[in-house]
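Inside the fold
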Amino acid sequence: MPRPFVPRHRQSHVFQACLFSITGEPRTSRSAVKAGACAGGRGGETCRLIARSARPVTLRLAVGGFQHETHSFAPRPTIFADFERPAGFPPLSRGVALIPALSGSQTALAGAMPVLEEAGATLLPLSWCLGMPAGPIEDSAFERIAAMLAADLSDALREGKVDGLYLDLHGAALTDSIPDAEGELLLRLRRILGPEVPIVISLDPHANLTAAMVEYSDGIVPYLTYPHVDKRETGATAARLLLDRIAGGKPYAKAFAQLDYWMTLSSQCTMVEPMKGVMAKRAELEKGIAALGFCFGFPYADFADCGVAFAAYAETREAAEAAAAQFLTFLNGLEERFKPDALPVAEAVALALESSRGANGPVIIADTQDNPGGGGHEDTTGLLAELVAQGASGAVLCLINDAESAAACHAAGEGATLALSLGGKSDGMPFEGEARVLRLGNGSFPLTGPMGAGNHANLGPCALVEFAPGVKVMVASRKTQAYDQAILRHLGVEPKDCPIVGLKSSVHFRADYEPIAARIIVAAAPGPVIADPSTLPFRHVRPGIRMRAGDFGGRAVG
Ligand SMILES: [Zn+2]
């Protein structure tokens, strides 16, 4: 249950299920910046300046970013080189090189820049970088990144006034010794800018939002989708909030809250309930206020603020607090729906067999703990072994990443039977058996699903094999998350005609498979992408936090 509202300055510790206000001088009205004209005209240096001159005044707005999702228990630390050239994202970019490097990219900053420019602003590019999810960031790497942003912001200030700052952040970064890296970064930049200059940030909703992030910025805008298909739109929304905040001339009143329970990654998918309804409620509550930024949390970060949190922004403290209180009550009422839903693999297969009888469409089993998008090697065989053991004839598994076995199948040819020691290269547990080669492919084909269309798969030599009693497996030479039906169609398998389809994916598969699925079951076969984070050895989370939603029995954390 929510605690009573307590002003931030009277709080002295970390809050549990807390709801409190961070008060600035509340604004009294709000208006949009229109090509340099300030419609609000009340208070604030920028507005007074514009009103006095009665001529368009160009806003000077600094932009930059820093992105990392830190998994405290990942085996590999994150070093500075990881931010220099991340696969599939723009490289570390600084100064004038930032704008061409980021323009048009799948990033929030790419969505923010055109909105700011259309408002007549002069962009002051600082630096931007992203590191792929991994272990804690080395302190030295974070210090270099923070120093670049601080130095570039200082340079911009030396050249003239800075009217605002937009940052494209992730929100779940930890370093070896700083548990809230974004909060620390914002504090440092706030000290450079001073208390008056507006700072608005966009976030990945996997952010573990902290009081410091809310306190040192003027607004947060997380993506609204998972799978994340709205990064640029989010950047544009954040840019409009920054312009709005500048035009208003005064900070919004803020209310920040943290939940007492965690949401597993698989339960955070916004395409399905309960999260679909949560996002609808968020949108409804936001209608009456300036913004309601909601972060689902990344439940693999071992620090006190790990978890679900949100911040409401409004013209008045009462309005911000009312929206936050309503949202908190709504979320608390749904806790049971966020219980970890992954079943032990034997139960998952038994349930799939039962559910597939007479079903109108395939039963999908998500092999979530070997999701290559979460760090899996896509070659664990626990689900395959269970499908075979329970006689799941007609079931198909997409896919096992094993170039050696794919090559052996190609050497044997279609129709051949051979002994395979399939997969298990990452954990030493291959599946041994006689396999019949049904179909071969070169792994090169266009993807067709909502997340893949426009991209081309390049999986190397592929094979469809069958183990008695009729369990089919797609074998590929490279790993790829199984989120597109085109992957199975490449080898002649039509997913909607299969009774059971096993997929190496946690959430992204839903975009293409949800429409044809009779049922979706999440299975916890042995693998590195732990579905239930409460089983990990956390030491620093808040006392009393329910790492398994709905687990009111409590679990000692020490
Ligand atoms: Zn994310």
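Residues numbered from 1 in each chain as written. Predicted model: local features only at pLDDT ≥ 70, side-chain atom pairs only at ≥ 80, totals over all residues. Heavy atoms only, no water.

**Comments concerning the overall build of the protein chain**
Definition in use: Secondary structure counts use DSSP, requiring at least four H or I residues in a row for a helix and at least two E residues in a row for a strand, with both numbered from the N terminus. Exposed residues in this analysis have more than 50% of their type's maximum accessible area, buried residues have under 20%, and partly exposed residues fall in between, with area computed by a 1.4 Å probe over protein chains only. Residues are treated as being in contact if the distance between any of their heavy atoms lies within 4.5 Å. Areas reported here follow the Shrake-Rupley algorithm with a probe of radius 1.4 Å; residue values treat only the protein chains shown as occluding.
Counting secondary structure elements, the protein chain contains 15 helices and 23 strands. Here the protein chain, with 558 residues, has 58% of them falling under the buried criterion. Counted over contacts in the protein chain with a minimum sequence separation of 6, partners at least 24 positions apart contribute 73%. Roughly 21,000 Å² of accessible area belongs to the protein chain as shown, and the carbon and sulfur atoms make up 53% of that amount.

**Comments concerning the coordination of the zinc ion**
The line we're drawing: Distances define the donors: N, O and S atoms within 2.8 Å of the metal qualify, as do those within 3.2 Å of Na, K or Ca. Water is excluded, so some sites may look unfinished. A site with four donors is called tetrahedral when every donor-metal-donor angle falls between 85 and 135 degrees; four donors are called square planar, and six octahedral, when opposite donors sit more than 155 degrees apart and all other angles fall between 65 and 115; any other arrangement is irregular.
Taken together, Asp-204 (OD), Asp-204 (OD), His-206 (ND1) and His-228 (NE2) make up the protein donors of the zinc ion, found 2.0 to 2.5 Å from the metal. Of note is the zinc ion, whose four donor atoms meet at the metal with angles of 54 to 144° in an arrangement that counts as irregular. Donor residues for the zinc ion sit on one chain with the sequence pattern D-x1-H-x21-H. Remark: His-228 occurs in the loop between strand S9 (219–222) and helix H8 (231–248) and His-206 occurs in the loop between strand S8 (199–203) and helix H7 (211–215); sequence separation between them is 22 residues. On the basis of relative accessible area, His-206 is assigned to the buried category, the value being 5%.

**Considering the side chain of Ser-355**
Keep this limit in mind: In the analysis that follows, any N or O atom pair within 3.5 Å is treated as a polar contact, provided that within protein one partner can donate a hydrogen and the other can accept it, and provided that, for residues neighboring in sequence, both atoms belong to side chains.
In this structure, Ser-355 sits in helix H11 (residues 345–356). The buried category is assigned to Ser-355, whose relative accessible area is 18%. From its side chain, Ser-355 meets the backbone oxygen of Leu-351 in a polar contact 2.7 Å long. Not counting chain neighbours up to four residues away, the residues in contact with Ser-355 comprise Val-363 and Arg-519.

**Things to note about the packing of aromatic side chains**
We apply this condition: In this analysis, rings of Phe, Tyr and Trp, with Trp reduced to its six-membered ring, are considered paired at centre separations within 6.5 Å, and the interplanar angle assigns stacked below 30 degrees, edge-to-face beyond 60, and tilted for intermediate values. Two conditions define a charge located above a ring, namely a distance within 6 Å from the ring centre to NZ of Lys or CZ of Arg, and an angle within 35 degrees of the ring normal.
Tallying each qualifying case throughout the model produces ten aromatic pairs. Between Arg-144 and the ring centre of Phe-80, over which it is positioned, the NZ or CZ distance is 3.6 Å.

**Comments concerning the confidence of the model for the protein chain**
The condition that has to hold: pLDDT measures how confident the predictor is about each residue, on a scale from 0 to 100.
Here the protein chain averages 88 in pLDDT, and 88% of its residues register 70 or above. Counting contacts from residues 1–18, a segment whose pLDDT is below 50, to residues more than four positions away or on other chains yields 43 contacts. Overall, residues 23–55 carries pLDDT values under 50, and its contacts beyond four positions in sequence, including any with other chains, amount to 66 contacts.

**A look at the nonpolar core**
What counts is decided by this rule: Only buried residues count toward a nonpolar core, which is a set of Ala, Val, Leu, Ile, Met, Phe, Trp, Tyr and Cys residues joined through side-chain atoms within 4.5 Å.
By size, the foremost hydrophobic cluster in this structure holds 73 residues, and its most contacted members are Phe-66, Leu-116, Leu-165 and Leu-209. The element that contributes the greatest number of residues to this core is helix H5 (residues 139–159), accounting for nine residues. By size, the runner-up hydrophobic cluster in this structure holds 44 residues, among which are Val-272, Ala-324, Leu-328 and Ala-549.

**Looking at the environment of Ala-181**
By the element assignment, Ala-181 lies in helix H6 (residues 181–193). In this structure Ala-181 comes out as buried when scored by relative accessible area, which is 0%. Each C-alpha atom, one on Ala-181 and one on Phe-142, is 8.1 Å from the other, the two residues being 39 residues apart in sequence. Leave out the neighbours within four places in its chain, and Ala-181 touches Phe-66, Phe-142, Ala-173, Leu-174 and Thr-175.

**Details of the pairing of strand S21 (residues 471–476)**
Side chains on a regular strand alternate between the two faces of the sheet. What counts is decided by this rule: Here, strands pair whenever DSSP counts at least two bridges between them.
S21 sits mainly inside the fold: five of its six residues count as buried. Strand direction decides the pairing type here: strand S15 (residues 396–401) and S21, joined by five bridges, are parallel. When the sheet's bridge partners are listed, Asn-401 is paired in S21 with Ala-476. Bridge analysis of strand S20 (residues 462–467) against S21 gives five bridges, and the strand direction is antiparallel. Within S21, the residue paired with Glu-466 across the bridge is Lys-472. Following S20, the chain reverses through three residues before pairing antiparallel with S21; Gly-470 in that reversal takes a positive phi of roughly 100°.

**What to know about the sheet that holds strand S14 (residues 363–367)**
Within a sheet, adjacent strands bond to each other through the backbone by hydrogen bonds, running parallel or antiparallel. Operational definition: To obtain each axis, a line is fitted to C-alpha atoms, and for helices this fit is confined to the stretch in contact; angles are then taken between N-to-C directions over 0 to 180 degrees.
If you trace the nine strands from one edge of the open sheet to the other, you get S13-S23-S14-S22-S15-S21-S20-S17-S16, paired in mixed fashion. With one partner strand each, in any of the chains shown, strand S13 (343–344) and strand S16 (417–422) form the two edges of the open sheet. The strands that helix H12 (residues 382–389) touches are S14, S15, S16, strand S17 (431–441), S20, S21 and strand S22 (500–503); relative to S21, the one it contacts most, it runs at about 160°. Together, S15, S16, S17, S20 and S21 form the strand contacts of helix H13 (residues 403–412), whose direction differs from that of S16 by roughly 175°.

**Comments concerning the packing of H5 against H6**
Using the following cut-off: By definition in this entry, angles of less than 35 degrees are roughly parallel, angles greater than 145 are roughly antiparallel, angles of 65 to 115 are roughly perpendicular, and the rest are oblique. Should the near helix be turned counterclockwise from the far one by less than a right angle, the crossing is left-handed, whereas a clockwise turn marks it as right-handed. All amino acids are sorted into three groups, where Ala, Val, Leu, Ile, Met, Phe, Trp, Tyr, Cys and Pro are nonpolar, Asp, Glu, Lys and Arg are charged, and the leftover types, Gly among them, are polar.
Running from amino to carboxyl end, H5 crosses H6 at an angle of 25°, the nearest separation of the two axes being 10 Å. In terms of orientation, H5 lies roughly parallel with respect to H6. Along this stretch, H5 crosses H6, giving a crossing that reads as right-handed. Contacts between H5 and H6 involve Phe-142, Glu-143, Ala-146, Leu-149, Ala-150, Leu-153, Ser-154 and Leu-157 from the former and Ala-181, Glu-184, Leu-185, Arg-188, Leu-189, Ile-192 and Leu-193 from the latter. The residue makeup of the contact of H5 with H6, split by class, is eleven nonpolar, one polar and three charged.

**A word on unusual backbone geometry**
Omega for the bond connecting Cys-398 with Leu-399 falls within 30 degrees of zero, at 0°, which places this linkage in the cis form. Relative to the elements of secondary structure, Leu-399 occurs in strand S15. At the junction of Ala-468 and Pro-469, the peptide bond is cis and its omega measures out at 5° in the coordinates. Mapped onto the secondary structure, Pro-469 falls in the loop between S20 and S21. Phi is positive for Glu-378, which is not a glycine, with a value near 60°.

**Considering the pairing of S8**
Counted residue by residue, S8 has five buried out of five residues, so it is predominantly covered. In the sheet, strand S7 (residues 164–169) pairs with S8 via four bridges, with the strands oriented parallel. Paired with Tyr-166 across the two strands is Val-200, which belongs to S8. Strand direction decides the pairing type here: S8 and S9, joined by four bridges, are parallel. Residue pairing across strands places Ile-201 opposite Ile-220, the latter belonging to S9.

**Thoughts on the pattern of salt bridges**
Using the following cut-off: What makes a salt bridge here is a side-chain nitrogen of Lys or Arg within 4 Å of a carboxyl oxygen of Asp or Glu, nothing more.
Enumeration over the complete set of coordinates arrives at 21 salt bridges. Measuring nitrogen to oxygen at the nearest pair gives 2.8 Å for the salt bridge that ties Asp-218 to Arg-190. Of the two residues, Asp-218 is situated in the loop between H7 and S9 and Arg-190 in helix H6; the sequence distance between them amounts to 28 residues. Arg-190 shares its class with Asp-218; the two are buried.

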